[in-house]
Amino acid sequence: MASEELQGSDLHNQAQMAPAPAPTPLPPYPEMILAAIQALNEENGSNKSAISKHIAKDIEATYGPIPPAHSALLNHHLNKMKSSGQLMFLKNNYLIPDPNSPPRRGRGRPPKPKTPLPPGAAPLSPRPRGRPPKSHDPNAPPPPPKSPNAAAPSLSGKKRGRPPKAKPADADVDSAPAPAQNPDPAAEGATPRGRGRPPKAKPADADVDSAPAPAPAPAAEGAPRGRGRPPKVKPAATASVGA
């Protein structure tokens, strides 16, 4: 009996000391993403939330607990597969592209096809950017030094700025300077001109028409003056000189 108990305890200790089986490694995330989209089989593709839930469910059922970086790994591989063309992104959904569909055209102008060089020909060096320099004659004399104040010549050979207007022949006669006038009026015997505008000359009839009206008769002494402004005295009708 004692030997049997010893054998049973040894087996139990060996079972406890035996290493636990290693967990099954997870398959690559691109494979799980493609399997999730195919299993969901949605017409317009599957969004990221549906793909994440499906992968998490499969991991828990087959491989054990979900890795802590599951969300970061899923985002990384979804973006990588979208950039490489393994997945199509349309209206916030991921789809598996049809292998028979034509390749999607990239942005921008496509590169020009290069003509193959004949065998044995050396490739041409790429042309540098900008305008090529002008060819100079090695035997030509050096150009004269430029003064710092000299204006740069224009490409067309014309001077800078607007050209002066051409004057007609009659302009020389018309533009002759007028004789200077004597600014001193006293030298000519004239009276000096006063300041301001001179008064207008009145016609002869204006003296008769503009005769001063007779002054109103003074009010009697001691009479009370009425309130307000006194009425204006109308001038008597005067006959014109021509009548």
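Predicted model only: the values in this text are computed from it and were never measured.

### With respect to the packing of aromatic side chains
Point 1. Under the defined criterion, the tally for this structure stands at one aromatic pair.
Point 2. Ring geometry for Phe 89 and Tyr 94: centres 4.9 Å apart, planes at 55 degrees, overall tilted.
Point 3. Over the ring of Phe 89 we find Lys 82; its NZ or CZ atom is 4.7 Å from the centre of that ring.

### A look at the environment of Asn 75
Point 1. Tracing the backbone through its elements, the reader meets Asn 75 in helix H4 (residues 70–84).
Point 2. Between the alpha carbons of Asn 75 and Ser 52 there is a distance of 9.6 Å; along the sequence they are 23 residues apart.

### Digging into the packing of helix H3 (residues 48–62) against H4
Point 1. For the pair H3 and H4, interaxial distance at closest approach is 11 Å and the crossing angle is 125 degrees. Comparing their axes, H4 and H3 come out oblique. Taken as a pair, H3 and H4 cross one another with a handedness that is right-handed. For the pair H3 and H4, contact is made by Lys 48, Ile 51, Ser 52, Ile 55 and Ala 56 and by His 70, Leu 74, Asn 75 and Leu 78, respectively.
Point 2. Taken together, the residues that form the contact of H3 with H4 break down as five nonpolar, three polar and one charged.

### Remarks on the environment of Pro 25
Point 1. In this fold, Pro 25 is placed in the loop between helix H1 (2–17) and helix H2 (29–40).
Point 2. The spacing of Pro 25 and Tyr 63 is 38 residues in sequence and 7.4 Å in space, taken between C-alpha atoms.

### Here we look at the nonpolar core
Point 1. Ranked by internal contacts, the top residues of the largest apolar core, which has 13 residues, are Ile 33, Ile 51, Ile 55, Leu 74 and Leu 87.
Point 2. Mapped by element, the contributors of at least two residues to this core are H2, H3 and H4.
Point 3. Sorting elements by how many residues they give to this core places H2 first, with five residues.
Point 4. Contact partners of Leu 87, with chain neighbours within four places excluded, come to Ile 33, Leu 34, Ile 37, Leu 78, Met 81, Lys 82, Tyr 94, Leu 95, Ile 96 and Pro 97.

What counts, and at which threshold
- Residues numbered from 1 in each chain as written.
- Predicted model: local features only at pLDDT ≥ 70, side-chain atom pairs only at ≥ 80, totals over all residues.
- Heavy atoms only, no water.
- Phe/Tyr/Trp six-rings, centres within 6.5 Å; stacked < 30°, edge-to-face > 60°.
- Lys NZ or Arg CZ within 6 Å of the ring centre and 35° of its normal.
- Helix = DSSP H or I, 4+ residues; strand = E, 2+ residues; numbered from the N terminus.
- Axes fitted to C-alpha atoms, helices over the stretch in contact; angles between N-to-C directions.
- Parallel < 35°, antiparallel > 145°, perpendicular 65-115°, else oblique.
- Left-handed = near helix turned anticlockwise from the far one by under 90°.
- Contact = heavy atoms within 4.5 Å.
- Nonpolar A, V, L, I, M, F, W, Y, C, P; charged D, E, K, R; others polar.
- Core = buried A, V, L, I, M, F, W, Y, C linked by side-chain atoms within 4.5 Å.
- Buried < 20%, exposed > 50% of the residue type's maximum accessible area, 1.4 Å probe, protein only.

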